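These are the residues of each chain, in order.
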Amino acid sequence: MILEYKMVKTHEGLQAPHWVEDGGHYPKPDFSFVGWSPDNDVREYYIPDTVVVLSNEQLIARAVELKDSETTEEQATAQANAWITARS
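Residues numbered from 1 in each chain as written. Predicted model: local features only at pLDDT ≥ 70, side-chain atom pairs only at ≥ 80, totals over all residues. Heavy atoms only, no water.

This brings us to the pattern of salt bridges. Scanning the model with the defined rule gives three salt bridges in all. Among the salt bridges present, the one from Arg-87 reaches Asp-22, with a minimum N-O distance of 2.6 Å. Of this pair, Arg-87 sits in the segment after helix H2 (73-86) while Asp-22 sits in strand S4 (residues 22-25), and the two are 65 residues apart along the sequence. Accessibility expressed as a relative area gives 23% for Asp-22, which makes it partly exposed. (Salt bridge = Lys/Arg side-chain N within 4 Å of Asp/Glu carboxyl O. Helix = DSSP H or I, 4+ residues; strand = E, 2+ residues; numbered from the N terminus. Buried < 20%, exposed > 50% of the residue type's maximum accessible area, 1.4 Å probe, protein only.)

Glancing now at the packing of aromatic side chains. Using the criterion set out here, one finds two aromatic pairs in the structure. An angle of 75 degrees between the planes, with centres 6.4 Å apart, marks the rings of Tyr-26 and Trp-83 as edge-to-face. Highlighted residues: Tyr-26 in the loop between S4 and strand S5 (32-36) and Trp-83 in helix H2, separated in sequence by 57 residues. You'll find Tyr-26 and Trp-83 in the same group, each marked buried. Positioned above the aromatic ring of Tyr-45 is the side chain of Arg-43, whose terminal nitrogen or guanidinium carbon lies 5.7 Å from the ring centre. (Phe/Tyr/Trp six-rings, centres within 6.5 Å; stacked < 30°, edge-to-face > 60°. Lys NZ or Arg CZ within 6 Å of the ring centre and 35° of its normal.)

Spelled out as structure tokens, the structure:
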């Protein structure tokens, strides 16, 4: 599942939550990131109900929104689709 999350403050500093297996992608100015964790049917641990789960379309929209000026919308969409495919 694709997740939107923020870092957790610990005594060691800011860290991604332990339930994010692959995180730190598509950062926004509000300090949120995109990460991935397995779906409920194969995951053996709890993810808080307050975590935002993104659809593929929402991730692609985020990638397009955050692209730099040298990246086209088509390139950003292709990169987001490759990210999704690599985690499917």
